[in-house]
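Okay, here's what each chain looks like letter by letter:
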Amino acid sequence: MKLLIKSSTLILCLAIVACSSPGKPERPAAQAAKSGAGAPAAKFESGASRASTAKHEAGVREAVKGSRFEVERRGDLLVVTAPVDSSFNPDRPSMMLASTLGPLSRVAKLVAPDREVAVLLLGHGDNSGSPALTLKLSQERAQSMASIFRLSGLHQDRLMYKGMGDGAPRASNDSKDGRSRNRRVEMFLAARGSLPAVLAQYGVPGVRVVASGQAK
């Protein structure tokens with residue numbers, strides 16, 4: 001039992017250090033989008049994206065089994081959603097709980113060896129606070145989770161994150177339950193070359209995604 005506690009503490013310390021490190025190899029999504037300014041919007045290579053993520057779906061579901069993480073298939077993408085209320089410390093809202101590190105680390109270790117798979121993390125909040133603070137906190141939460149993927153070996157060409165604030169709710173903010181559902185971090189697993197397209201479709205509020213994977 002003592003060994004287990006020490007191991008959990010060590011993992012938590014590593015996560016905190018990674019989150020506070022000033023030199024982040026992973027790219028904020030805004031920076032990545034800026035670097036591609038002027039280029040035509042990337043499109044999904046549906047077959048490649050589906051093949052890259054489908055082979056990991058069973059493993060990802062097993063990795064988060066028993067946690068509050070949600071796994072779903074959105075067309076060619078595999079999406080893992082971490083509810084904020086069960087994933088982050090209420091007293092230090094950008095710090096992950098120790099119970100979050102296990103399933104998150106297992107997902108990261110599962111996809112890290114596959115050079116064809118990349119990850120985009122989008123942090124989301126509700127509308128109960130200042131928009132500026134909500135945006136900042138959603139960015140910090142996405143970055144916090146991105147640090148675990150970075151520790152597992154994902155870097156610039158395979159890892160992006162972005163805070164969405166309250167701009168992309170999945171439920172009404174008029175109820176406590178709806179606000180809780182809106183506070184989340186979404187992890188998109190896609191083919192490496194598809195990250196700009198994923199960001200363009202899911203990272204921009206108001207963009208509607210249809211079954212073909214093209215935005216309208």
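Residues numbered from 1 in each chain as written. Predicted model: local features only at pLDDT ≥ 70, side-chain atom pairs only at ≥ 80, totals over all residues. Heavy atoms only, no water.

Engineer: Can you help me understand the overall build of the protein in this one?
Structural biologist: Of regular secondary structure, the protein possesses eight helices and six strands. Listing each helix as α and each strand as β along the protein from the N terminus yields α-β-α-α-β-β-α-α-β-α-β-α-β-α. A buried classification covers 43% of the 216 residues belonging to the protein. Of the roughly 10,800 Å² of accessible surface on the protein, a fraction of 57% belongs to carbon and sulfur atoms. (Helix = DSSP H or I, 4+ residues; strand = E, 2+ residues; numbered from the N terminus. Buried < 20%, exposed > 50% of the residue type's maximum accessible area, 1.4 Å probe, protein only. Areas by Shrake-Rupley, 256 points an atom, 1.4 Å probe, with all protein chains shown as cover.)

Engineer: Is there a simple way to explain the environment of Gly 153 in this structure?
Structural biologist: As for its position among the elements, Gly 153 is in the loop between helix 6 (131-151) and strand 5 (159-163). Between the C-alpha atoms of Gly 153 and Val 111, which are 42 residues apart in sequence, the distance is 9.4 Å.

Engineer: Would you take a moment to explain the pairing of strand 6 (residues 184-191) for this structure?
Structural biologist: As a general feature of sheets, a regular strand has side chains that alternate between the two faces. In terms of residue burial, strand 6 counts as a mostly covered element, since eight of its eight residues are buried. Across six bridges, strand 3 (residues 77-83) lies against strand 6 in antiparallel orientation. Paired with Pro 83 across the strands is Arg 184, a residue of strand 6. (Pairing = 2+ DSSP bridges.)

Engineer: I tried to follow helix 8 (residues 195-202) on my own but got confused; where do I start?
Structural biologist: The α-helix advances 3.6 residues per turn, and as a result positions three or four apart in sequence lie on the same side. Taking burial as the measure, the eight residues of helix 8 include six buried ones, the bulk of the element. Taken as a whole, helix 8 has its buried residues at Leu 195, Ala 197, Val 198, Leu 199, Gln 201 and Tyr 202.

Engineer: What is the right way to read the pairing of strand 2 (residues 70-74) from this model?
Structural biologist: Here strand 2 pairs with strand 3 via five bridges, running antiparallel. Note that in strand 3 the partner of Arg 73 across the bridge is Leu 78. Linking strand 2 back to strand 3 in an antiparallel pair, the connection comprises two residues, with Gly 75 at a positive phi of about 60 degrees.

Engineer: How should I be thinking about the confidence of the model for the protein in this particular structure?
Structural biologist: Detailed reading of the predicted model is not advised wherever pLDDT is low. Here the protein averages 79 in pLDDT, and 70% of its residues register 70 or above. Across the protein, element-level confidence peaks in helix 7 (residues 176-182) with a mean pLDDT of 97 and bottoms out in helix 1 (residues 2-20) with 42. Here residues 1-25 scores under 50 on pLDDT; set against residues more than four positions off or in separate chains, the count is 22 contacts. Scored below 50 in pLDDT, residues 206-216 makes 16 contacts in the model with residues more than four places away or belonging to other chains. (pLDDT = per-residue confidence, 0-100. Contact = heavy atoms within 4.5 Å.)

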